[in-house]
Amino acid sequence: MESTLLNIVLLISFALLLSALGISLLRLIKGPTISDRIVAMDLIASITMGIILVYSVLIKESMYFDIVIILSLVSFISTVAISTYLNRKK
Amino acid sequence: MKDLVISILILLGSVFILISSIGLLRFNDLFSRMHATTKATSFGILLLIAGVGLFYSTGIIWFKAAIVVIFIYLTAPLAAHAIAKSFDEKRQNDED
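Rules behind the numbers
- Residues numbered from 1 in each chain as written.
- Chains lettered and ligands numbered in written order.
- Predicted model: local features only at pLDDT ≥ 70, side-chain atom pairs only at ≥ 80, totals over all residues.
- Contact = placed C-beta atoms within 7 Å.
- Helix = DSSP H or I, 4+ residues; strand = E, 2+ residues; numbered from the N terminus.
- Nonpolar A, V, L, I, M, F, W, Y, C, P; charged D, E, K, R; others polar.
- pLDDT = per-residue confidence, 0-100.
- Buried ≥ 20, exposed ≤ 12 C-beta atoms within 10 Å, placed from the backbone.

## Digging into the interface of chain B and chain A
Listed as interface residues are 43 residues of chain B and, on the opposing side, 43 residues of chain A. Every element with two or more residues in the side of chain B that touches chain A is listed here: α1 (2-26), α2 (30-56) and α3 (59-95) of chain B. Among the elements that take part in the side of chain B that touches chain A, α1(B) stands out by supplying 16 residues, more than any other. Each residue belonging to the side of chain B that touches chain A can be placed in one class, and the counts come to 27 nonpolar, 11 polar and 5 charged.

Structure (structure tokens):
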């Protein structure tokens, strides 16, 4: 991999996004209530979208953009479904 | 020149997402945590998508980018509202 400006920036962005993933995983494990865990899951889905976007620039494959569309749909539906189900259960 | 703009957009988007995850860890209340994650993450994804769209710069990619950005900005408040509402109802049920 040649060391142009864009490649270096992509690697730095990978490092930033991976540390964001680790930090939100910490909150997912610690989270006092279940709502904190749902917020952390929502953030993890967004971080995954960011990682896929950066990866699609790294390998120059525009097909990966479709995964981001599907992932944004699925993360919204799962968040709403879980938080609705929590109160329906009683 | 184009590479410089793409680099700045992608780096800023990653920094915004990292800041929102730091907010998720550091704040000590559910509503403060949602305040940190919902807005900063939407803006970070917007910047990342703008960078990637500028990188490919074809019509279909700009169309898909507009779809994703509009969808995220429509659904992030809805998801946050659903979480906050369920948390509030659960807290009131526990108090009774």
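Next comes the rest of the description.
## Topic: the confidence of the model for chain B
In the predicted model, chain B carries a mean pLDDT of 91, and 100% of its residues have values of at least 70. Per-element mean pLDDT across chain B ranges from 90 in α3(B) up to 93 in α1(B).

## Notes on unusual backbone geometry
In most cases, non-glycine residues show a negative phi, while peptide bonds are predominantly trans. We note that Lys60(A) has phi near 55°; this positive angle belongs to a residue other than glycine. Relative to the assigned elements, Lys60(A) resides in the loop between α2 (34-59) and α3 (65-88). Taking the number of C-beta atoms within 10 Å as the measure of exposure, Lys60(A) has 9 and is therefore exposed. Despite not being glycine, Ser57(B) has its phi angle at roughly 60°, a positive value.

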